[in-house]
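# Summary of the model geometry
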Amino acid sequence: MKHLLKMLDLSTEEITEILDLADQLKYELKHNIPHPHLKGKTLGMIFQKASTRTRVSFETGMYQLGGYPLFLSSNDLQIGRGEPVQDTARVLSRYLSGIMIRTFEQQEVEDLAKYGDIPIINGLTDFCHPCQVLADLMTIREFKGSLAGLKMCFIGDGNNMANSLIVGCLKCGMSVSIACPDDYQPPREILDFAAGYGDKFEMVNCPKTAAKDADVLITDVWASMGQEGEAEKRKKAFAGYQINDELMTLAKADAMVLHCLPAHREEEITEKVFEAHAKEIFEEAENRLHAQKAVMVKLMA
Ligand code: CP
Ligand code: NVA
C-alpha cells in the first residue's frame, strides 16, 4: 500500500490491517503508551474545502505520532493560483514525508500520487471519502464485534460517502442496501463494482425497503460542499430520504446509526434519532483520529 486514494484500491486484508492497527493505537493513546512511529516525519495537509474533523484529527494525530503537520490552505499555495498539480507534487515530494489533500476532483489526488514520490492520503474528494469510511468500519466493528454478515443501509445522496461506504462495506463482507432518488445514484464505476457482489448489494428508491432488518443505518447531507447553489433543488429531491423514528422501526432493534458530520437536523436525520445515537456518532468522529493514524503509520513509518 503506497497511498490512500480511494477504497477501491484497498484489499480486504489491507482494510483489516488498518482497522487492527487503529484499535491498537486507540488503546495505546487511552493508556498513555507513547507511539512515536513518525518521529522526524512531516505531513503537508492541503485543504481546498472547509474541515473541522479531518483537519484537527490529522494535525493532532501526526503530533501524537511524533511527527510535524503543516496546514496548507489552497488560498495561500500557488496551486490556488493555477500552478499545475504535476509541479506541486514534485516540489512538495522534496520537502515532506507525506501529503493529505481535500479537494474537488479525484483526478487531482490521483495526479499528486502519479507525479510525486511520497504517500498521498485522500482527505475527501467529490468522488470519495476513504478516511471517513475506515473510521466508520472501525466504529461498526467496535460496537458489533465483527463486520461480515452485517447489513449496512445508506439513505440519501449517492455521493462521496455513499461511494466509499458501498465499496468498504462490501469488501468487508457486509451487505449493502442504498436508497436514493433516480437522479442521485452513485456513479457507474461504483455500481459496476457493486454488481460483482450479486445479491449482497441492492439499490432502491424507497428508504423503507432499504432499511429493512439493517444493522447499521447511515446518511449524509443532501448538498455536499461545492453544491450549495443546488441546496433548494436538492431539498425537494431528497424529501423523505430521512433517518427518522419510522425508519428505525424497520431496522433491527439494536441497529446503530452513523453520520460522518456535519449533520443537518430535520433534513437527512431527525434531531431525535441523532441524539438517541449520539454515542455511536461521536465515537465515529473520534475514530477518525485513530484510523488516520493507522493509515499514516502504514504509509509513512
Ligand atoms: N466528516 C468530515 O470529514 O468532517 P470535516 O468536513 O469536518 O472534516
Ligand atoms: N458529502 C459531504 C461529506 C462531508 C464530510 C461533503 O462532501 O460535503
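Refer to the structure presented above.
Residues numbered from 1 in each chain as written. Chains lettered and ligands numbered in written order. Predicted model: local features only at pLDDT ≥ 70, side-chain atom pairs only at ≥ 80, totals over all residues. Heavy atoms only, no water.

### Describing the site of ligand 2
In the vicinity of ligand 2, the contacting residues are Leu124, His129, Asn159, Asn160, Asp220, Val221, Ser224, Met225, Cys260 and Leu261. The contact in question runs from a nitrogen atom of ligand 2 to an N or O atom on the side chain of Asp220, over 2.6 Å. Contact with the protein chains hides 94% of the accessible area of ligand 2, taken as 270 Å² for the molecule alone. (Near = heavy atom within 4 Å. Polar contact = N/O pair within 3.5 Å; in protein donor to acceptor, adjacent residues only side chain to side chain. Areas by Shrake-Rupley, 256 points an atom, 1.4 Å probe, with all protein chains shown as cover.)

### Topic: the sheet that holds strand E4 (residues 120–122)
Taken together, the 4 strands give an open sheet; going across it, the order is E2-E1-E3-E4, and neighbouring strands pair in parallel fashion. What marks the edges here is a single partner per strand, and that holds for strand E2 (68–73) and E4. Strand-to-strand twist across the sheet, computed as the mean angle between neighbouring axes with direction ignored, equals 20°. Across 3 bridges, the pairing between strand E3 (residues 98–102) and E4 is parallel. Bridge pairing in E4 places Ile99 opposite Ile120. Contacts between helix H12 (residues 278–300) and the sheet are confined to strand E1 (42–47), E3 and E4, with E4 contributing the most and set at about 155° to the helix. (Pairing = 2+ DSSP bridges. Helix = DSSP H or I, 4+ residues; strand = E, 2+ residues; numbered from the N terminus. Axes fitted to C-alpha atoms, helices over the stretch in contact; angles between N-to-C directions. Contact = heavy atoms within 4.5 Å.)

### Considerations on the pattern of salt bridges
In the structure shown here, the tally under the stated rule is 23 salt bridges. Between Arg188 and Asp192 there is a salt bridge, and its shortest N-O distance comes to 3.2 Å. With Arg188 and Asp192 both in helix H7 (residues 188–195) and 4 residues apart, this pair spans about one turn of that helix. For Arg188, a relative accessible area of 56% puts it in the exposed group. A salt bridge links Asp245 to Lys272; the nearest nitrogen and oxygen atoms lie 2.5 Å apart. One end of the pair, Asp245, is in helix H10 (residues 245–250); the other, Lys272, is in helix H11 (residues 271–276), with 27 residues separating them in the sequence. Lys272 sits in the exposed class, given a relative accessible area of 55%. (Salt bridge = Lys/Arg side-chain N within 4 Å of Asp/Glu carboxyl O. Buried < 20%, exposed > 50% of the residue type's maximum accessible area, 1.4 Å probe, protein only.)

### Points about the site of ligand 1
Contacts to ligand 1 come from Ser51, Thr52, Arg53, Thr54, Arg102, His129, Gln132, Cys260, Leu261 and Arg288. With respect to ligand 1, the side chain of Ser51 contributes an N or O atom lying 2.7 Å from an oxygen atom. Between ligand 1 and Arg288, the relevant distance is 3.0 Å, taken from an oxygen atom to a side-chain nitrogen or oxygen of the residue. Summarising the interface, the protein chains cover 96% of the accessible area of ligand 1, which totals 260 Å² for the free molecule.

### Section: helix H5 (residues 130–144)
Along its 15 residues, H5 runs 21 Å from first to last C-alpha, staying within 8% of the 21 Å computed at 1.5 Å per residue. Taking burial as the measure, the 15 residues of H5 include 12 buried ones, the bulk of the element. The first or second residue beyond H5 is Gly145, which carries a positive phi of 90°. (Expected span 1.5 Å × (residues − 1).)

### Let's talk about the sheet that holds strand E7 (residues 201–204)
Strand order in the open sheet formed by 5 strands is E7-E6-E5-E8-E9, with parallel pairing between adjacent strands. Across the chains shown, the open sheet's two edge strands, defined by having one partner strand only, are E7 and strand E9 (256–259). With strand direction ignored, the average angle separating the axes of adjacent strands in the sheet is 20°. Pairing of strand E8 (residues 216–219) with E9, which is carried by 4 bridges, proceeds in the parallel orientation. What sits directly across from Leu217, in E9, is Val257.

### Describing unusual backbone geometry
Across the junction of Leu261 and Pro262, the peptide omega takes the value 0°, indicating a cis bond. Along the polypeptide, Pro262 turns up in the loop between E9 and H11. Phi is positive for Glu266, which is not a glycine, with a value near 70°. Structurally, Glu266 is set in the loop between E9 and H11. Relative accessible area serves as the criterion here: at 48%, Glu266 is assigned to the partly exposed category.

### A closer look at the state of the cysteines
Taken as a whole, this structure holds 0 disulfides when the rule is applied. Cys128 supplies the cysteine sulfur nearest to Cys131, a cysteine that is in no disulfide, at a spacing of 9.3 Å. We classify Cys131 as buried; its relative accessible area is 1%. Cysteine Cys206 remains unbridged, with the sulfur of Cys153 as its closest cysteine sulfur at 10 Å. Since its relative accessible area comes to 32%, Cys206 is described here as partly exposed. (Disulfide = S-S within 2.5 Å.)

### Re the side chain of Thr88
Relative to the helices and strands, Thr88 resides in helix H3 (residues 85–92). For Thr88, a relative accessible area of 8% puts it in the buried group. Residue contacts for Thr88: discarding those within four places in its chain leaves Ile79 and Glu83.

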